[in-house]
Amino acid sequence: MTGNESVAQRAQKVLTPNYRQSIALVRGEGVRVWDADGKEYLDFLGGVAVNVLGHCHPALVAALEAQARTVWHVSNHYFIPRQVELAEALLAVTPWARRAFFCNSGAEANEAMLKLARKYHSDRGHPERNEIVACHDSFHGRTLFTVTVGGQEKYRHGFEPVVPGVRHVPFGDVAALEAAVGDRTAAFIVEPILGESGVVPAPEGYLKAARELTRKRGALLLLDEVQTGIGRTGKTWAHEWAGVTPDLMSSAKALGGGFPIGALLATEEVGAHLTPGSHGSTFGGNPLACAVALAVLKELREGVLERSREVSARLVAGLEKLRAGGRVDRIRGQGMLLGVVVKGVAAGEVMKAARARGLLVNAIGDDVLRLAPPLTLTAAEADLAVERLGAALAAAPAKA
Ligand SMILES: *Cc1c(COP(=O)(O)O)cnc(C)c1O
């Protein structure tokens, strides 16, 4: 039995069966990972758009080690200097935001964001303004509130009754949004690019229209930048491309470069309503997570974004060339968050063929492959990935 098989067999006996897992990954360095049998891969899933600086980046390892020798956890009953530093660093790159709250994941950041949106209106004497408007096909996490707000029925199935006061509109449809946002709307929540639904960017002008509409009708605009933030699209936040600022924004995934951390950023006006005792987290903003996130932000300041945009352009050009093989319909997304839409072949089959050829990507639905390599990807690594994906596309069995 191989190393991968041995881990799989034990896992299947003791873990809840909620994940579809393939190989066991045991070591990583930069964009490369190795499985339990010693096979090397280019990791273009990156822990699901998390490992924004690759695996075991020396600056992150150093920050984690130094913090681990100092103090790990004290709880939010005490001030945590690293947490204050991280808030300062995040707010410095997010000019509209004045307040930060820390938690441990994207779902928790969204949970805090949605709760705060309701509390803001309730505190101001409008408890009837409690409705959340969200998009079909969106993804906001796996807590009960976030699966309710998320636009994918399958994630709510069996968990009913869900949270009341949530309605959905088609993503990108301004007219539908106009019809849905009214005087009972607490907030509209949206991802700048639908990540889990196949890397679908918001149409030109959509976020701007959403900003104007929510402001006009007295509702809040909530941006879920859990997947798109921290440089993933070539700017610190994806909303910078749209020239729009929200009232609240969630971040997680890439924020800790692989160490679990989530954040909610808020304007002064809204953030002030997360009053003493109203919300909290035991682990949120602990010294270890904050030390690593600080190191991530420090690296992002040092030219990484600029270089990632260049390598992304080269990667996209390479992927575009694969269209000549007849199995790529189009490429979408931005920066280091790309979707390869395939045709005549199942995305899942291409994913398997790519894995066999040393490239990790993930299939979303039947026809999209998601690529989320680190921002530190080199041109040579981008070229090698394109070559492996081209071979995988050619080798995958045709769709029945
Ligand atoms: C991944 C993701 C989440 C959930 O984050 P978790 O850390 O898994 O809880 C929420 N929103 C978006 C847009 C995501 O991509």
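Conventions and cut-offs
- Residues numbered from 1 in each chain as written.
- Predicted model: local features only at pLDDT ≥ 70, side-chain atom pairs only at ≥ 80, totals over all residues.
- Heavy atoms only, no water.
- UniProt positions renumbered as here; feature names shortened; annotations may be inferred.
- Buried < 20%, exposed > 50% of the residue type's maximum accessible area, 1.4 Å probe, protein only.
- Helix = DSSP H or I, 4+ residues; strand = E, 2+ residues; numbered from the N terminus.
- Pairing = 2+ DSSP bridges.
- Near = heavy atom within 4 Å.
- Polar contact = N/O pair within 3.5 Å; in protein donor to acceptor, adjacent residues only side chain to side chain.
- Axes fitted to C-alpha atoms, helices over the stretch in contact; angles between N-to-C directions.
- Contact = heavy atoms within 4.5 Å.
- Patch = residues over 30% accessible without salt bridge, like charges linked within 9 Å, V, L, I, M, F, W, Y side chains within 5 Å.
- Areas by Shrake-Rupley, 256 points an atom, 1.4 Å probe, with all protein chains shown as cover.
- Salt bridge = Lys/Arg side-chain N within 4 Å of Asp/Glu carboxyl O.
- Phe/Tyr/Trp six-rings, centres within 6.5 Å; stacked < 30°, edge-to-face > 60°.
- Lys NZ or Arg CZ within 6 Å of the ring centre and 35° of its normal.
- Core = buried A, V, L, I, M, F, W, Y, C linked by side-chain atoms within 4.5 Å.
- Domains from an automatic or database assignment.

If you look the chain up in an unreviewed UniProt entry, it shows as Acetylornithine aminotransferase from Anaeromyxobacter oryzae. Quoted straight from UniProt, the Catalytic activity (unreviewed entry) entry for the chain says "N(2)-acetyl-L-ornithine + 2-oxoglutarate = N-acetyl-L-glutamate 5-semialdehyde + L-glutamate". In its Sequence similarities (unreviewed entry) section, UniProt records this for the chain: "Belongs to the class-III pyridoxal-phosphate-dependent aminotransferase family. ArgD subfamily."

A. Spotlight on the pairing of strand β14 (residues 337-342). Of all 6 residues in β14, 6 are buried, a share of seventy percent or more. The side-chain alternation of β14 yields two buried faces, one formed by Leu-337, Gly-339 and Val-341 and the other by Leu-338, Val-340 and Val-342. In this structure, strand β13 (residues 328-334) lies alongside β14, joined through 6 bridges in antiparallel fashion. In the strand pairing of β14, Ile-331 is matched with Val-340.

B. The arrangement of the UniProt feature "modified residue: N6-(pyridoxal phosphate)lysine" (unreviewed entry) in the chain in detail. In the numbering used here, UniProt assigns the "modified residue: N6-(pyridoxal phosphate)lysine" (unreviewed entry) feature to Lys-253. As for its placement among the helices and strands, Lys-253 is situated in the loop between β11 (248-251) and β12 (262-266).

C. Broad picture of the site of the ligand. Taken together, 13 residues are adjacent to the ligand, and Gly-106, Ala-107, Asp-224, Gln-227 and Lys-253 come closest. Within the backbone of Ala-107, one N or O atom sits 2.7 Å away from an oxygen atom of the ligand. In the environment of the ligand, an oxygen atom lies 2.6 Å from a nitrogen or oxygen atom belonging to the side chain of Lys-253. With 3 residues, the single largest contributor to the shell around the ligand is helix α5 (residues 106-123).

D. Spotlight on the sheet that holds strand β10 (residues 220-224). An order of β4-β12-β11-β10-β7-β5-β6 is seen for the 7 strands of this open sheet, with the pairing classed as mixed. A single partner strand is all that each edge strand has here, and the edge strands are β4 (99-103) and β6 (166-169). Averaged over all pairs of adjacent strands, the angle between their axes in this sheet comes to 20°, without regard to strand direction. Bridging between strand β7 (residues 185-190) and β10 involves 4 bridges; their strand directions are parallel. Note on β10: the bridge partner recorded for Phe-188 is Leu-221. Along the sheet, α5 contacts β4, β5 (131-135), β7, β10, β11 and β12; its crossing angle with β10, the most-contacted strand, is approximately 175°.

E. Inspection of unusual backbone geometry at higher detail. In this model, Glu-160 is joined to Pro-161 through a cis peptide bond whose omega is 0°. Residue position: Pro-161 is located in the loop between α6 (144-149) and β6. The backbone of Val-48 sits at a positive phi, close to 60°, despite the residue not being glycine. Looking at the secondary structure, you find Val-48 in helix α2 (residues 46-49). On the accessibility criterion, Val-48 (28% relative accessible area) is partly exposed.

F. Looking closely at the UniProt feature "binding site: N(2)-acetyl-L-ornithine" (unreviewed entry) in the chain. Sites flagged by UniProt as "binding site: N(2)-acetyl-L-ornithine" (unreviewed entry) map to Arg-142 and Ser-281. Position of Arg-142 relative to the elements: it lies in the loop between β5 and α6. Of the residues examined, Arg-142 reaches a relative accessible area of 57% and is grouped as exposed. When sequence neighbours within four positions are dropped, the list of residues in contact with Arg-142 reads Ala-107, Val-147 and Tyr-155. Tracing the backbone shows Ser-281 in the loop between α10 (268-271) and α11 (287-321). Not counting chain neighbours up to four residues away, the residues in contact with Ser-281 comprise Asn-76, Phe-101, Phe-102, Cys-103, Asn-104 and Glu-108.

G. Summary view of a nonpolar patch on the surface. On the surface, Leu-144, Phe-159 and Val-162 cluster together into a nonpolar patch covering about 260 Å² of accessible area. Topologically, Leu-144 is positioned in helix α6.

H. Broad picture of the sheet that holds strand β1 (residues 25-29). Spatially, the 4 strands line up as an open sheet ordered β1-β2-β3-β15, and their pairing is mixed. Two strands close off the open sheet at either side, each with one partner strand: β1 and β15 (359-360). Bridge analysis of strand β3 (residues 40-43) against β15 gives 2 bridges, and the strand direction is parallel. Directly across from Asp-43, in β15, lies its bridge partner Leu-360.

I. Main features of the packing of aromatic side chains. According to the stated counting rule, one finds 3 aromatic pairs in the structure shown. Judged by centre distance (6.3 Å) and plane angle (85°), the ring pair of Phe-188 and Tyr-206 falls under edge-to-face. Of this pair, Phe-188 sits in strand β7 while Tyr-206 is found in helix α8 (residues 206-217), placing the two residues 18 residues apart along the sequence. Judged by relative accessible area, Phe-188 falls into the buried class, the value being 0%. You can call Tyr-206 buried: its relative accessible area is 1%. Among the aromatic side chains, those forming a connected cluster through ring pairs are Phe-171, Phe-188 and Tyr-206. In this structure, Arg-27 packs its charged tip against the face of Trp-34, placed 4.0 Å from the ring centre.

J. View of the nonpolar core. With 81 residues, the main nonpolar core has Phe-44, Leu-90, Phe-188 and Leu-319 as its most contacted residues. The element that contributes the greatest number of residues to this core is α11, accounting for 14 residues. Two domains each provide a minimum of three residues to this core, namely domain 1 (3-56 + 303-395) and domain 2 (73-285). In this view, Phe-44 contacts Val-31, Leu-315, Leu-359, Leu-360, Val-361, Arg-370, Leu-371, Ala-372, Pro-373, Leu-377, Glu-381 and Ala-385; residues no more than four positions away in its chain are not counted.

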